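# Structural features, examined
The primary structure of each chain is shown beneath.
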Amino acid sequence: MKLLKVISFDSNGQKKEVKNHTYRKWKHLKKVETINPKTKVIKNKKVFDKNNNLLEISFFDVLGSLTSKKEYQYKNNQLITILLYENKELQIQQDFTYNNLGFLVKEEVKTLKSKKVDIITYTYDFDEKENWIKKNKYINSVPVSLEERSIEYFNN
């Protein structure tokens, strides 16, 4: 069974938006379009690859003209770059680096117009099963958040 359509309603019971889902063979999601039910204009469109990775999100104005787009690039099924375009001009590039366990350790966010670069780094403390139990986030070497979690393991 596949999800084909999601209809959202406002507090007055009027249709607010409709999300149509399109699939490839083998039930892999291909595209989700969010439509204004009154005007039938597409508000946004998400496109996925055969591994269900998000490839692109396009945003449209009330007349259906493209206003902005995000492109997602992967290597070995792992997100490595996000490109943000506004009015067809590249505005922001975000690059991701992972450690040997596949955990995100660095984001480099380049705002191209202002030539600003932010470096976001993550450090982890791991338990004996190589699951992180503490994650620190730094922006330009300044600590901004600490996330901790506990994991319970059950013997079979």
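Up top is the structure these notes are about.
Summarised in this report is the structure supplied together with it. Keep in mind it's a predicted model, so treat the numbers as computed, not measured.

Examined bridge by bridge, strand β1 (residues 5-9) and strand β2 (residues 15-23) share 5 bridges and lie antiparallel to one another. Within β2, the position partnered with S8 by the bridge is E17. Sheet topology note: the β2/strand β3 (residues 29-35) ladder contains 6 bridges and is antiparallel. Directly across from N20, in β3, lies its bridge partner E33. Linking β2 back to β3 in an antiparallel pair, the connection comprises 5 residues, with W26 at a positive phi of about 65°.

This paragraph deals with the side chain of T34. In this structure, T34 sits in strand β3. For T34, a relative accessible area of 2% puts it in the buried group. With residues up to four places along the chain from it excluded, the contact list for T34 reads E17, V18, K19, V41, I42, K43 and N44.

If you walk across this open sheet you meet the 12 strands as β1-β2-β3-β4-β5-β6-β7-β8-β9-β10-β11-β12, and the pairing is antiparallel. Strand pairing shows two members of the sheet lacking a second neighbour, β1 and β12 (142-148), which therefore form its edges. Between one strand and the next, the sheet's axes are offset by a mean angle of 15°, whatever the strand orientation. Alignment of strand β7 (residues 78-86) against strand β8 (residues 89-98), held across 6 bridges, turns out to be antiparallel. When the sheet's bridge partners are listed, E86 is paired in β8 with E89.

With a phi angle near 65°, N52 is a residue other than glycine that sits in the positive phi range. By the secondary structure assignment, N52 is in the loop between β4 (42-48) and β5 (54-60). If you check the backbone angles, N87 has positive phi at about 50° while not being a glycine. Counting through the fold element by element, N87 comes out in the loop between β7 and β8.

The rules behind the values
Residues numbered from 1 in each chain as written. Predicted model: local features only at pLDDT ≥ 70, side-chain atom pairs only at ≥ 80, totals over all residues. Heavy atoms only, no water. Pairing = 2+ DSSP bridges. Helix = DSSP H or I, 4+ residues; strand = E, 2+ residues; numbered from the N terminus. Buried < 20%, exposed > 50% of the residue type's maximum accessible area, 1.4 Å probe, protein only. Contact = heavy atoms within 4.5 Å. Axes fitted to C-alpha atoms, helices over the stretch in contact; angles between N-to-C directions.

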